Amino acid sequence: MDPVGDRKAAARLERPHGQHEFGVPSSLSVISPLVAALDLGWIVILSVATGVIYDATAVAGYSSAENNLGSGMAVGILYSAIAHVSKLYQASNLLRGRWQVGRSALTWLAVFASLAALVFLLKSGSTFSRGWVLLFFASGLVVSSALRVIVAELCSYVIRSKLIRPNRIVLVGLEEELIGNVTLSKLELYGYSVCKIVSLPMEPGQLLDPAILKERMRELVRYVRQTGVDEVVIAMPWAFLDAVGQVESELRVLPIPIKLVSDQRTARLLDRPLFDFGPTKALQLQRAPLSAMQRTMKRSMDQLLAASGLIVLLPMFAIISIAIRLESPGRSLFLQQRAGFNGKPFKIYKFRTMNTRDDGPVIVQAKRNDHRITRLGALLRKLSIDEIPQLINVLRGEMSLVGPRPHALAHDSEYDQLIATYAMRHKIKPGITGWAQVNGFRGETPEIGMMKKRVESDLWYIESWSIWLDLRILVLTVFRVLKTDNVY
């Protein structure tokens, strides 16, 4: 075996690189402050430019160049500060064009929301023209999004063209970790140049022979001093921390950073948030689906829209109730046990559409030409009007307007045994409509695969929740109710 490098590993990871006498290491980290300065500059320029445009087009004269300049500086500084906290300027994130566009848009919204609140509290709204503010806000969204795409493409070009000297590193570790770690094979895409591979001959569960290790590290130290390497990166399984300590101890003589990358098992954990936990630290393996603020926002929207909907639909509510009772004997409303938030059972309200009122351990799903469905019930189910009484559940706090559709307890018990992630649907309140429903996964589920797709859609919604997603689903629901495929 090559004493200072394994040829198989080097063939996969090492790439030829030019000998640059001049240049700055750390690659994209050099560009980060330039991007921050660019943001401050374009925001100030756009503030003044939109002021001039609005002044030229406004019916009433509007001229306040000093205010526009000051406002632009305030917006630019606040934007840069929030963007820094949001890791918009983190070197590795500069290459993520789509992520940058979304995060910059949220940052821009946060800036204007903060300033709007400040203006309201200081009662200084008369100082600014609403037309100019709207023009500045709208054009800023477009410009920030376009610049994020340009920056991502420019950074990729800079790395590919080697316009700045890449960060030169040496990789030290076990052969299987060096070759099998997919992340290490992508280092060049982020401005790193692997100069040397030092493979350590160590069997799983056994420490490296101290004499061999010392000789390998001495050769590595000589190599680093001769070539001017910027960093040494250790790639070893974290289960071998004693061996990592051996390598670290031998490399302490070098005046350069020594880093330990995560192995393939711990990489997932290091993506999790780190919190203070008394005298120690703790990784958050799972977060609550919605924060306290998000729950408040969702609950407020539910209450407002549900109350408004019930008031508007009350006459139709009464007419349908009377029609149901005239067609067949029994109550117009049908109550059935369902599992709600965190699996807590509740009684769901629906217009009665069948001759039966099943609510036991065995419940048969409605099928095409089901003899149990009344003629009026078929129409109500086809247009999803039978779900309207669930607005009462929303007001009671048992349901939300948008969320995973609640199933009968009998079906919950059945699918919980067949689908491992089924119970995760109960991490938020069930909804009258949901992401699964607007994507066509509604109605009868005769095959287990159909229910799996519904569960996948529900879990995606839980992970991706936003107030805008809820509004989007509500709008799509209006169009989807007219499409009655698979609904009986």
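Here the structure is a predicted model, which means the values were calculated and not measured.

A.B. asks: What is the right way to read the overall build of the protein from this model?
C.D. replies: Counting its secondary structure elements, the protein contains 16 helices and 10 strands. The buried share of the protein, taken over its 488 residues, is 42%. Looking at the protein alone, contacts between residues at least 24 apart form 74% of all its contacts between residues at least 6 apart. Surface summary for the protein: the accessible area is close to 27,100 Å², and the carbon and sulfur share equals 62%.

A.B. asks: Looking at this model, I keep getting lost on the sheet that holds strand β1 (residues 167–173). Mind explaining?
C.D. replies: Backbone hydrogen bonds hold the strands of a sheet together, and the pairing may be parallel or antiparallel. The four strands are arranged β2-β1-β3-β4 in an open sheet whose pairing can be described as parallel. Both edges of this open sheet fall to β2 (192–199) and β4 (258–260), since each of them pairs with a single strand only. Looking at each pair of strands side by side, their axes are set apart by 25 degrees on average, direction ignored. Both strand β3 (residues 231–235) and β4 contribute to a ladder of three bridges, which runs parallel. Bridge assignment links V232 to a residue of β4, and that residue is I258.

A.B. asks: In this structure, what is going on with the nonpolar core? I would like to understand it.
C.D. replies: Across soluble globular proteins, you tend to see nonpolar side chains buried next to one another. In this structure, F351, L391, Y461 and I473 are the most contacted members of the largest nonpolar core, which totals 36 residues. Among the secondary structure elements, those contributing two or more residues to this core are α10 (292–327), β8 (345–351), α12 (390–395), β9 (400–402), α14 (435–438), α15 (448–463) and α16 (467–480). When residues of this core are assigned to their parent elements, the largest contribution, six residues, is made by α10. If we skip the residues at most four places from it in the chain, I473 touches V402, T433, G434, W435, V438 and Y461. Formed by 23 residues, the second largest nonpolar core is a distinct cluster that contains L200, V221, F240 and I256.

A.B. asks: Would you mind showing me how to read the packing of α10 against helix α11 (residues 375–382) here?
C.D. replies: In helix packing, the relevant descriptors are the interaxial angle and the interaxial distance, both defined with respect to the helix axes. Packing of α10 against α11 leaves a shortest axis separation of 9 Å and a crossing angle of 145 degrees. Across the interface between the two elements, I320, A323, I324 and E327 of α10 pack against R375, L376, G377 and L380 of α11. For the contact of α10 with α11, a count of residues per class yields five nonpolar, one polar and two charged.

A.B. asks: How should the environment of L40 be read in this particular structure?
C.D. replies: Residue placement: L40 occurs in helix α2 (residues 28–57). For L40, a relative accessible area of 34% gives the class partly exposed. Residues L40 and G76 lie 36 residues apart in sequence; the distance between their C-alpha atoms is 4.7 Å. Aside from chain neighbours lying at most four places away, what touches L40 is M73, G76, I77 and S80.

A.B. asks: How should I be thinking about the packing of aromatic side chains in this particular structure?
C.D. replies: Two aromatic rings are characterised by how far apart their centres lie and by the angle between their planes. Under the counting rule described, the total for this entry stands at 11 aromatic pairs. Between W108 and F112 the ring centres are 5.0 Å apart and the planes differ by 50 degrees, which places this aromatic pair in the tilted class. Of this pair, W108 and F112 both sit in helix α4 (residues 97–122), four residues apart, which is roughly one turn of that helix. Per residue, the accessibility class of W108 equals that of F112, and both read buried.

A.B. asks: Help me understand the packing of α10 against α16, please; the structure alone is not making it clear to me.
C.D. replies: Viewed as axis vectors pointing N to C, α10 and α16 meet at an angle of 30 degrees, and their least axial separation amounts to 10 Å. In terms of orientation, α10 and α16 fall into the roughly parallel class. For the pair α10 and α16, the crossing hand works out as right-handed. On α16, the residues touching M297, K298, M301 and L305 of α10 are I467, D470, L471 and L474. Along the lines of polarity and charge, the residues of the contact of α10 with α16 split into six nonpolar, no polar and two charged.

A.B. asks: Looking at this structure, I do not really get helix α8 (residues 241–250). What am I missing?
C.D. replies: Think of an α-helix as 3.6 residues a turn; residues three or four steps apart then line up on the same face. Listed in full, the buried residues belonging to α8 are A243, V244, Q246 and V247. Looking straight down α8, one finds that the buried residues subtend no more than 155 degrees of arc, so they occupy a single side. Of the exposed residues in α8, the ones pointing more than 90 degrees away from its buried face are L241 and D242. Those residues of α8 that are buried lie in contact with β1, α7 (210–227), β3 and β4.

A.B. asks: Help me out: how do you make sense of the side chain of Q390 in this one?
C.D. replies: The topology assignment puts Q390 in helix α12. Here R405 takes part through its side chain, which lies 2.8 Å from a polar atom of the side chain of Q390. Residues in contact with Q390, not counting those within four places in the same chain, are I348, Y349, K350, M399, R405 and I432.

A.B. asks: Looking at this model, I keep getting lost on unusual backbone geometry. Mind explaining?
C.D. replies: Backbone geometry follows two general trends: most residues other than glycine have a negative phi, and most peptide bonds adopt the trans configuration. A positive phi angle, near 65 degrees, is found at K87, a position not held by glycine. Turning to its location among the elements, K87 is positioned in the loop between α3 (65–85) and α4. The phi torsion at N342 lies on the positive side, around 60 degrees, for a residue other than glycine. When you line up the elements, N342 lands in the loop between β7 (333–339) and β8.

A.B. asks: In this structure, what is going on with the environment of L260? I would like to understand it.
C.D. replies: Here L260 lies in strand β4. Counting along the chain gives 23 residues from L260 to P237, while the straight-line C-alpha distance between them is 9.8 Å. Once you skip the residues sitting within four places of it in the chain, L260 turns out to touch I234, M236, W238 and V244.

A.B. asks: Is there a simple way to think about the pairing of strand β5 (residues 274–277) in this case?
C.D. replies: A regular strand places its side chains so that they alternate between the two faces of the sheet. Where β5 lies against strand β6 (residues 280–283), four bridges are found, and the strand directions are antiparallel. Residue pairing for β6: D276 is matched across the bridge by K281. The hairpin formed by β5 and β6 contains two residues between the paired strands, and G278 there has a positive phi angle of roughly 65 degrees.

A.B. asks: Help me understand the pattern of salt bridges, please; the structure alone is not making it clear to me.
C.D. replies: Here the idea is simple: oppositely charged side chains can pair when their charged atoms come close. One pass over the full model with this rule turns up 11 salt bridges. Of the charged contacts, one joins K214 and E250 as a salt bridge, the two residues approaching to 3.1 Å between their closest N and O atoms. With K214 in helix α7 and E250 in helix α8, the pair connects residues that are 36 residues apart, well separated along the chain. The partly exposed category is assigned to E250, whose relative accessible area is 22%. Between R252 and E248 there is a salt bridge, and its shortest N-O distance comes to 4.0 Å. Assessed through its relative accessible area of 61%, R252 is described here as exposed. The exposure class assigned to E248 is partly exposed, which follows from its relative accessible area of 39%. When salt bridges that share partners are traced, they join K350, D386, E387 and R405 into one network.

What counts, and at which threshold
Residues numbered from 1 in each chain as written. Predicted model: local features only at pLDDT ≥ 70, side-chain atom pairs only at ≥ 80, totals over all residues. Heavy atoms only, no water. Helix = DSSP H or I, 4+ residues; strand = E, 2+ residues; numbered from the N terminus. Buried < 20%, exposed > 50% of the residue type's maximum accessible area, 1.4 Å probe, protein only. Contact = heavy atoms within 4.5 Å. Areas by Shrake-Rupley, 256 points an atom, 1.4 Å probe, with all protein chains shown as cover. Pairing = 2+ DSSP bridges. Axes fitted to C-alpha atoms, helices over the stretch in contact; angles between N-to-C directions. Core = buried A, V, L, I, M, F, W, Y, C linked by side-chain atoms within 4.5 Å. Nonpolar A, V, L, I, M, F, W, Y, C, P; charged D, E, K, R; others polar. Phe/Tyr/Trp six-rings, centres within 6.5 Å; stacked < 30°, edge-to-face > 60°. Parallel < 35°, antiparallel > 145°, perpendicular 65-115°, else oblique. Left-handed = near helix turned anticlockwise from the far one by under 90°. Arc of directions from axis to C-beta. Polar contact = N/O pair within 3.5 Å; in protein donor to acceptor, adjacent residues only side chain to side chain. Salt bridge = Lys/Arg side-chain N within 4 Å of Asp/Glu carboxyl O.

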